[in-house]
Amino acid sequence: MENEHVMYVLLCSDGTYYTGYTNRLEHRIRMHNEEKGAKYTRGRTPVSLVYQVSYPTKEEAMKAEYQFKQLPRTQKETIIKQGKREQE
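Residues numbered from 1 in each chain as written. Predicted model: local features only at pLDDT ≥ 70, side-chain atom pairs only at ≥ 80, totals over all residues. Heavy atoms only, no water.

Undergrad: How would you explain the overall build of the protein chain if you had to name every residue and give the values?
TA: Helices and strands together make up the secondary structure of the protein chain, namely three helices and three strands. Its C-alpha radius of gyration of 12 Å places the protein chain within 12% of the 12 Å reference for a compact globule of 88 residues. Considered along the principal axes of its C-alpha atoms, the protein chain spans approximately 30 × 30 × 25 Å. For the protein chain, the residues scored as buried account for 33% of the 88 residues in total. Of the contacts made within the protein chain by residues no fewer than 6 positions apart, 54% connect residues no fewer than 24 positions apart. Working note: accessible area of the protein chain is about 5600 Å², and carbon and sulfur atoms make up 48% of it. Both charge centroids of the protein chain, one from 15 positive and one from 12 negative side chains, sit 6 Å from each other. (Helix = DSSP H or I, 4+ residues; strand = E, 2+ residues; numbered from the N terminus. Rg over C-alpha atoms; globule rule 2.2 N^0.38 Å. Buried < 20%, exposed > 50% of the residue type's maximum accessible area, 1.4 Å probe, protein only. Contact = heavy atoms within 4.5 Å. Areas by Shrake-Rupley, 256 points an atom, 1.4 Å probe, with all protein chains shown as cover. Lys, Arg positive; Asp, Glu negative; His and termini not counted. Charge placed at Lys NZ, Arg CZ, Asp CG, Glu CD.)

Undergrad: Mind laying out the sheet that holds strand 2 (residues 17–22), listing which residues take part and the relevant values?
TA: Each strand in a sheet pairs with another by means of backbone hydrogen bonds, the pair being arranged parallel or else antiparallel. Spatially, three strands are ordered 2-1-3 in an open sheet, and the strand pairing comes out antiparallel. The open sheet terminates on both sides in strands that have one partner only, identified here as strand 2 and strand 3 (48–55). Between one strand axis and the next, the sheet turns by 20 degrees as a mean value, whatever way the strands run. Where strand 1 (residues 5–11) and strand 3 come together, seven bridges link them in antiparallel fashion. Bridged to Val9 within strand 3 is Tyr51. The strands touched by helix 1 (residues 25–33) within the sheet are strand 1, strand 2 and strand 3, with strand 1 carrying the most contacts at an inclination of about 30 degrees. (Pairing = 2+ DSSP bridges. Axes fitted to C-alpha atoms, helices over the stretch in contact; angles between N-to-C directions.)

Undergrad: A description of the packing of aromatic side chains should follow, citing residues and the corresponding values.
TA: Under the counting rule described, the total for this entry stands at three aromatic pairs. Relative to Tyr18, the ring of Tyr8 lies with its centre 6.3 Å away and its plane at 50 degrees, an arrangement referred to as tilted. Of this pair, Tyr8 sits in strand 1 while Tyr18 sits in strand 2, and the two are 10 residues apart along the sequence. Residues Tyr8 and Tyr18 agree in their burial class; the two are buried. Put simply, the rings of Tyr8, Tyr18 and Tyr40 touch in pairs and so form one group of aromatic residues. When the ring centre of Tyr40 is taken as reference, the NZ or CZ atom of Arg44 above it lies at 3.9 Å. (Phe/Tyr/Trp six-rings, centres within 6.5 Å; stacked < 30°, edge-to-face > 60°. Lys NZ or Arg CZ within 6 Å of the ring centre and 35° of its normal.)

Here it is, written out as structure tokens:
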């Protein structure tokens, strides 16, 4: 859904993760894949969405983004796997 506040995680083609915030998720992923998104994802395309959480406010989504970025990779992967199970 467009215009909600989303913290999202992308899996890049080199196996790394990119975490971001947007209120237009589909558009943002398209921009990443067109190499017009974040500098980090350029050259690491294609990227695929592996995790997303919606929040009622921009501030909450950005706080979640920051907190997720602070985690070690193993914890990120655990959260991503748990999130996929919840969505299935």
